[in-house]
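Listed here are the chains, written in short residue letters.
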Amino acid sequence: MPIDSDEAVREIIESRAETIAVVGCSSMPGKAAHDVPRYMVEHGYHVVPVNPFADEIFGREAYDSLTDVEQEIDLVCVFRPSEEVGGVVDEAIARDDVDVIWTQQGIRDDEAAARAEAAGRDVVQDRCLMVEHRRLVA
């Protein structure tokens, strides 16, 4: 069952999301996939952009996929269409370091979420990381 309680979401944001890989991170200001991760950077989180069409975002190296990220990741934030979530979840599950998979508002895949949970990962679906941070933490 994906996490949906405010208490659990707050705990994730406050203590389990130091390094956030953002799959679908955009280099274009004004897009949610840019502005949300930028907000998280501004609030002290280490954001790792994952975008095969960018070399760098926020002055940080952008990776082609989660598989290419060499550093440890706590949380994977997904800014890809719902039909692409399954592949992202499979890449996240293949890593030993990812504890949480978070899909942004309007994005969900219940089958992929069930696979992630069966693999011991926590899942938050269809919630904006920035909105939840502002509401519960900031």
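Residues numbered from 1 in each chain as written. Predicted model: local features only at pLDDT ≥ 70, side-chain atom pairs only at ≥ 80, totals over all residues. Heavy atoms only, no water.

Chemist: I keep staring at unusual backbone geometry and nothing clicks. Help me out?
Modeler: Excluding glycine, residues mostly have negative phi values, and the peptide bonds linking residues are mostly trans. Despite not being glycine, Phe 58 has its phi angle at roughly 60°, a positive value. Note that Phe 58 resides in the loop between strand S3 (56-57) and strand S4 (60-61). Note on Phe 58: relative accessible area 14%, which makes it buried. Phi angles above zero are rare outside glycine, and Asp 126 is one such case at about 60°. Mapped onto the elements of the fold, Asp 126 is located in the loop between strand S7 (122-124) and helix H5 (129-136). By relative accessible area, Asp 126 is classed as partly exposed at 32%. (Helix = DSSP H or I, 4+ residues; strand = E, 2+ residues; numbered from the N terminus. Buried < 20%, exposed > 50% of the residue type's maximum accessible area, 1.4 Å probe, protein only.)

Chemist: I tried to follow the sheet that holds strand S2 (residues 46-50) on my own but got confused; where do I start?
Modeler: To summarise the sheet geometry, strands pair through backbone hydrogen bonds and adopt either a parallel or an antiparallel arrangement. In space, the 5 strands of this open sheet follow the order S2-S1-S5-S6-S7, with parallel pairing throughout. Strands with a single pairing partner mark the edges of an open sheet, and in this sheet they are S2 and S7. Each strand axis lies, on average, 20° off the axis of its neighbour in the sheet, ignoring direction. Note: strand S6 (residues 100-103) against S7, 3 bridges, orientation parallel. Within the sheet, the bridge partner assigned to Ile 101 lies in S7 and is Val 123. Helix H1 (residues 6-15) contacts strand S5 (75-78), S6 and S7 of the sheet and is inclined by roughly 110° relative to S6. (Pairing = 2+ DSSP bridges. Axes fitted to C-alpha atoms, helices over the stretch in contact; angles between N-to-C directions. Contact = heavy atoms within 4.5 Å.)

Chemist: I tried to follow the nonpolar core on my own but got confused; where do I start?
Modeler: The tendency in soluble globular proteins is for nonpolar side chains to be buried as a group. Judged by nonpolar contacts, the single largest core of 29 residues is most densely connected at Ile 20, Leu 75, Cys 77, Trp 102 and Leu 129. Looking at this core, the elements that each hand over two or more residues are H1, strand S1 (19-23), helix H2 (32-42), S5, S6 and H5. Tallying contributions element by element places H2 first for this core, with 5 residues. Not counting residues within four places of it along the chain, the set of residues in contact with Cys 77 comprises Ile 20, Ala 21, Val 22, Val 23, Trp 102, Gln 104 and Leu 129. Residues Leu 66, Ile 73, Val 78 and Val 85 belong to the second largest nonpolar core, which totals 21 residues. (Core = buried A, V, L, I, M, F, W, Y, C linked by side-chain atoms within 4.5 Å.)

Chemist: Sorry if this is basic, but what is going on with the pattern of salt bridges here?
Modeler: One side chain can pair with another of opposite charge once the charged atoms of both are near each other. Evaluated as defined, the whole model comprises 10 salt bridges. For Arg 80, the salt bridge is made with Glu 84, and the minimal N-O distance between the two is 2.9 Å. We classify Glu 84 as partly exposed; its relative accessible area is 34%. Beyond isolated ion pairs, a larger network of salt bridges with shared partners links Asp 6, Arg 127, Glu 132 and Arg 135. (Salt bridge = Lys/Arg side-chain N within 4 Å of Asp/Glu carboxyl O.)

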